[in-house]
Amino acid sequence: MGMGSKIHQNTHSTATPVVTDAASDCPRRAERHPAASAATSPGITDAFKFSQCDFSIAYYPRLFVTLGVMKSQPSSLVDTFDRRIRYLRLSVTDRCDFRCQYCMTEEMRFLPRKAVLSAEEIIRLATLFVDLGVQKIRLTGGEPLVRPDIVDIVQGLSNIEGLNELVMTTNGSQLPTLARPLVDAGVSRINVSLDTLCDSQFAELSRTGDLSKVLAGLDAAIDAGFERIRLNTVLLTGKNDTQIEPLIDYALDKGIDIAFIEEMPMGHITQTNRELSLVPSAQVLETIRRRFNLVPIVGSSTDGPARRYSVEGTSTEVGVISPITDNFCDACNRLRITPDGRLVLCLGHENSLDLRQMLRSDMDSSSLKRAIVAALAYKPERHVFDQPDEPQVVRLMNATGG
Ligand code: SAM
Ligand code: SF4
């Protein structure tokens, strides 16, 4: 094990009674699925220090050697494992009006505003990636809708020729006012994070969020006419793992989709024990199948890692995203850009390339594209969230863009 990290195996009992939140009657703990203890579920302890290799420092010399010998025009984005990149997740801010327990710590220090890419820089970078073959961009954060110029950014991106899909992930709190402007500016589909329908659980999990605003935001999104709306739900054992059925019923009632995401060990958080909190996708599917017939859906080349099903007899799709119990890296088709302009090659590794520095040093577009293509040589084969002996990631999710 490297870098001073310690990974714990779950040694706790699998017998977990249903516990009810006295203040609210929200049930808090579902029956524990055997896979929860069988799966390797890494955690990160206080001993973890930011000491992992940073691509921008350690690999620059190699990158520029590579650039030096690349005389031809940059070609499209295919990595050394023959994975073609068509999907870019663009994080426009690390700031957020919530402090979700699995994503952030209670006290956060955010990037200085000067460090964050401007709207123009974001649009320029996105244009380069589309030139290189990206077809789909997801705007994310932090919370993308706390950025005052977000509608201008959307407008600028939707004017890029060759971009087929512009989508967004949001916590939904600003959708009551922004849903319609986002549709008008060109966002076709939206994912809204919703972990519970119980007020007190929501307040506890998000720390600063208000469930009624998110539900109002979802109604506004439905009225605004996005092509599809999907709920994103992260389940944590003993906190909101009884919410599978209420959330499915809500999605069915509203005619929208839902995806359940296994919690990933991103960064050092204080509130949850990551090694104890995993709710495996198998448990989620088992719970849903008790009431509904799920029909598998075959995806397109820009789809994400979700295994998708339609709920028979309805328009609702259910997805499960299983980074811990079912590695999907062989089909990875994505890159990420952080709010401060680092190109992150894999969510589960610290490697990154500082594109902001290149943008701000007036590098021309051909050289920028060559740098991006060359960086692909460093895209790792897979993340190691499921391998407790490997070093884990110290960036919090909001610093990368989930
Ligand atoms: N603020 C927006 C939101 O919450 O939808 C967008 C950014 S958020 C980082 C994107 C997604 O990442 C959310 O659906 C959130 O639930 C998920 N997420 C955050 N931390 C996570 C973690 N440690 N493991 C798995 N998913 C996580
Ligand atoms: Fe904010 Fe999204 Fe992270 Fe929650 S998951 S703290 S809403 S960035």
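Let us look at the structure shown here. All values derive from a computational prediction rather than experimental measurement.

Concerning the overall build of the chain
When its secondary structure is counted, the chain shows 14 helices and 14 strands. Relative to all contacts within the chain whose residues are 6 or more apart in sequence, the contacts with residues 24 or more apart total 80%.

Section: the site of ligand 2
Near ligand 2, the surroundings consist of 13 residues, among which C96, F98, C100, C103 and N171 are the closest. Residue composition of the shell around ligand 2, grouped by class: six nonpolar, five polar and two charged.

Side note on the environment of T80
As for its placement among the helices and strands, T80 is situated in the loop between helix 3 (60-69) and strand 3 (87-91). Assessed through the 11 C-beta atoms surrounding it within 10 Å, T80 is described here as exposed. In sequence terms T80 and A377 are 297 residues apart; their C-alpha atoms lie 5.9 Å from each other.

A short note on the nonpolar core
Ranked by size, the top nonpolar core spans 88 residues in total, and within it L343 and A375 carry the most contacts. Considering every element that reaches this core, the biggest residue donor is helix 13 (residues 365-375), with five residues. If you count residues domain by domain, this core takes at least three from each of domain 1 (3-72 + 349-382) and domain 2 (87-330).

Examining the pairing of strand 7 (residues 228-234)
Of all seven residues that make up strand 7, six are buried, and the element is covered over most of its length. As paired strands, strand 6 (residues 189-193) and strand 7 are joined by five bridges and run parallel to one another. Bridge pairing in strand 7 places I190 opposite I229. Read from strand 7 through helix 9 (residues 244-254) to strand 8 (residues 257-261), the crossover connection turns out right-handed.

Remarks on the pairing of strand 3
Across the five residues that make up strand 3, a large majority, five, are buried. Here strand 3 shows no split at all, with Y87, R89 and S91 on one side and L88 and L90 on the other all buried. Bridging between strand 3 and strand 4 (residues 136-140) involves five bridges; their strand directions are parallel. Each residue of the ladder has a partner; that of Y87, found in strand 4, is K136.

Parameters at a glance
- Residues numbered from 1 in each chain as written.
- Chains lettered and ligands numbered in written order.
- Predicted model: local features only at pLDDT ≥ 70, side-chain atom pairs only at ≥ 80, totals over all residues.
- Helix = DSSP H or I, 4+ residues; strand = E, 2+ residues; numbered from the N terminus.
- Contact = placed C-beta atoms within 7 Å.
- Near = placed C-beta within 6 Å.
- Nonpolar A, V, L, I, M, F, W, Y, C, P; charged D, E, K, R; others polar.
- Buried ≥ 20, exposed ≤ 12 C-beta atoms within 10 Å, placed from the backbone.
- Core = buried A, V, L, I, M, F, W, Y, C linked by C-beta atoms within 7 Å.
- Domains from an automatic or database assignment.
- Pairing = 2+ DSSP bridges.
- Right-handed = clockwise from strand over helix to strand, strands pointing away.

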